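Commentary on secondary and tertiary structure
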Amino acid sequence: MADQADVYKYYEPTVQLNNLALSNIHTLASWGVGTAAGILGLTGWNGFIFFVINWIAISALVFFVKCKGDSSVYFKSSFMDVAGTPMFNTLLSYVLVWTLMHALVYIYD
């Protein structure tokens with residue numbers, strides 16, 4: 001049986017708010033990074049590498065600045081909630097904004 005302290009370790013509404021805030025950070029960051037990639041004219045794998053590098057930087061900032069190096073206080077599954085899980089959720093938004101901005105800037109070249 002689970003230890004009594006483990007059962008009440010997380011207050012679920014607060015964890016949900018933290019996940020929502022993290023989702024908003026990652027979504028807005030992916031839009032900004034997608035805009036930058038489109039304006040810079042990145043195509044193909046260069047655009048995806050640009051996304052991964054920026055994703056690592058943003059996740060590190062969230063982990064070290066907002067979570068103070070211990071994400072298990074704010075999330076249930078530690079670092080994977082901060083870095084891994086939302087990556088695939090915002091990849092499509094990144095690709096959408098990236099291709100839109102690239103088309104708008106370089107359509108008449």
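Residues numbered from 1 in each chain as written. Predicted model: local features only at pLDDT ≥ 70, side-chain atom pairs only at ≥ 80, totals over all residues. Heavy atoms only, no water.

Helix and strand counts for the protein stand at five helices and zero strands. Reading the protein from its N end, one meets helices and strands in the order α-α-α-α-α. Considering only contacts within the protein whose residues lie at least 6 apart along the sequence, 72% involve residues at least 24 apart. Total accessible area on the protein is roughly 7,300 Å²; 70% of this is exposed by carbon and sulfur atoms. (Helix = DSSP H or I, 4+ residues; strand = E, 2+ residues; numbered from the N terminus. Contact = heavy atoms within 4.5 Å. Areas by Shrake-Rupley, 256 points an atom, 1.4 Å probe, with all protein chains shown as cover.)

Residues annotated in UniProt with the feature "transmembrane region" (unreviewed entry) correspond here to residues 45-65 and 86-108. Between the end C-alpha atoms of residues 45-65 the distance is 30 Å, and the span holds 100% helix and 0% strand. Secondary structure content for residues 86-108 is 91% helix and 0% strand, while the C-alpha to C-alpha distance between its ends is 35 Å. (UniProt positions renumbered as here; feature names shortened; annotations may be inferred.)

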